[in-house]
Amino acid sequence: MPENTIKKDSYVLIYLKRGKTWLIKAGGSKLHTHVGYLNLDDLVGKKYGETIKTSLDEEMSILEPTTQDFIAKSHRGTQIIYPKDAGLITTKMNVHSGTKVVEVGTGSGAFTTHLANLVRPDGHVYSYDIREDCIKLAEGNLRRAGLSEFVTLTMMDAKDEINIRDADAAMIDVGDPWSVVETVWKTLKGGGLLSSLSPTMNQVEKITIKLEE
């Protein structure tokens, strides 16, 4: 089949003109919506960019999902970093193809997905989380986005030694970021860039003091 042709089990973004979207796999059962249902087998063989009609004659567009779609539709157990913030953060971190990144606080893997998409095909993301459920959730989200090979997920407390050196950049997204600064600092190459996301000024003050030390 041509590259733009949808195959069975290909991910597809179904777009309704009112802005409602569904991220599904082509083939199999039906997608039930408030404007009728779609037979997902009917998607196989179509091309991205075509339209399809529901059982109630409502027209929908068939689109190829972007990384942003996978992030927005990711299964989550924690708050995620949304693309508008992720873009600014990774620009300041100078993350690009070939970059080696350390991430502390995998969470649901939404930001990990964003990082993996930027560093491929020659870079790599090393992500750490203390919770097994987060690691498993992130594994699933990365697999769905087709980015697993660019990420190594490890369940451990980042206060312990991280066996990575000469990383280009690092991201800390945990409740007590100051507690892992020393560990993460050791993973960075000279001039490596560190970013930390904190929702409260108290957290920002504490990590700023630690960074100055």
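Keep in mind it's a predicted model, so treat the numbers as computed, not measured.

Peer 1: Teacher, can you tell me more about the overall build of the protein here?
Peer 2: Along the backbone of the protein there are 6 helices and 11 strands. Considering only C-alpha atoms, the protein reaches an extent of 65 × 35 × 30 Å along its principal axes. Looking at the protein as a whole, 44% of its 213 residues are labelled buried. Within the protein, residue pairs in contact and separated by at least 24 positions form 54% of the contacts whose partners lie at least 6 positions apart.

Peer 1: Help me out: how do you make sense of the pairing of strand β7 (residues 100-104) in this one?
Peer 2: Taken residue by residue, a regular strand's side chains alternate between the two faces of the sheet. Burial of β7 is extensive: 4 of the 5 residues sit out of reach of the surface. A crossover connection joins β7 to the parallel strand β8 (residues 124-129) through helix α3 (residues 110-119); in handedness this β-α-β unit is right-handed. Looking at chain direction, β7 and strand β10 (residues 167-172) are connected through 4 bridges and run parallel. When the bridges of β10 are listed, E103 appears paired with M171.

Peer 1: Just checking my understanding: could you explain the nonpolar core for this structure?
Peer 2: As a rule of thumb, nonpolar side chains are buried together in soluble globular proteins. In terms of nonpolar packing, the biggest core is built from 21 residues, with M93, V101 and F111 touching the most fellow members. Counting residues per element, this core draws most heavily on α3, which supplies 4 residues. Residues within four places of F111 in sequence aside, it is in contact with I81, A86, I89, T90, E103 and M171. Listed in part, the 16 residues of the second largest apolar core include I6, I24, A26 and L38.

Peer 1: Would you mind going over the environment of V104 with me for this structure?
Peer 2: Turning to its location among the elements, V104 is positioned in strand β7. By relative accessible area, which is 3% here, V104 ends up buried. Sequence separation between V104 and V184 is 80 residues; the distance between their C-alpha atoms is 8.2 Å. Residue contacts for V104: discarding those within four places in its chain leaves Y128, A158, I162, M171, I172, D173, V174, V180 and V184.

Peer 1: Can you walk me through the sheet that holds strand β11 (residues 188-196) in this structure?
Peer 2: In any sheet, the strands associate via hydrogen bonds between backbone groups, in a parallel or an antiparallel arrangement. Here 5 strands make up an open sheet; going across it, the order is β9-β8-β7-β10-β11 and the pairing parallel. Lying at the two open borders of the sheet, with one neighbouring strand each, are β9 (151-155) and β11. Recorded for the sheet is a direction-independent mean angle of 20° between the axes of neighbouring strands. Sheet topology note: the β8/β9 ladder contains 5 bridges and is parallel. What sits directly across from S127, in β9, is L153.

Peer 1: Help me understand the environment of D57 in this model?
Peer 2: Mapped onto the secondary structure, D57 falls in the loop between β5 (51-53) and β6 (59-63). D57 gets classed as exposed once you look at its relative accessible area, which sits at 54%. Sequence separation of D57 and V35 is 22 residues, and the distance between their C-alpha atoms is 8.2 Å.

Reading guide: rules and limits
- Residues numbered from 1 in each chain as written.
- Predicted model: local features only at pLDDT ≥ 70, side-chain atom pairs only at ≥ 80, totals over all residues.
- Heavy atoms only, no water.
- Helix = DSSP H or I, 4+ residues; strand = E, 2+ residues; numbered from the N terminus.
- Buried < 20%, exposed > 50% of the residue type's maximum accessible area, 1.4 Å probe, protein only.
- Contact = heavy atoms within 4.5 Å.
- Right-handed = clockwise from strand over helix to strand, strands pointing away.
- Pairing = 2+ DSSP bridges.
- Core = buried A, V, L, I, M, F, W, Y, C linked by side-chain atoms within 4.5 Å.
- Axes fitted to C-alpha atoms, helices over the stretch in contact; angles between N-to-C directions.

Functional significance is not addressed by these values, which are geometric in nature.
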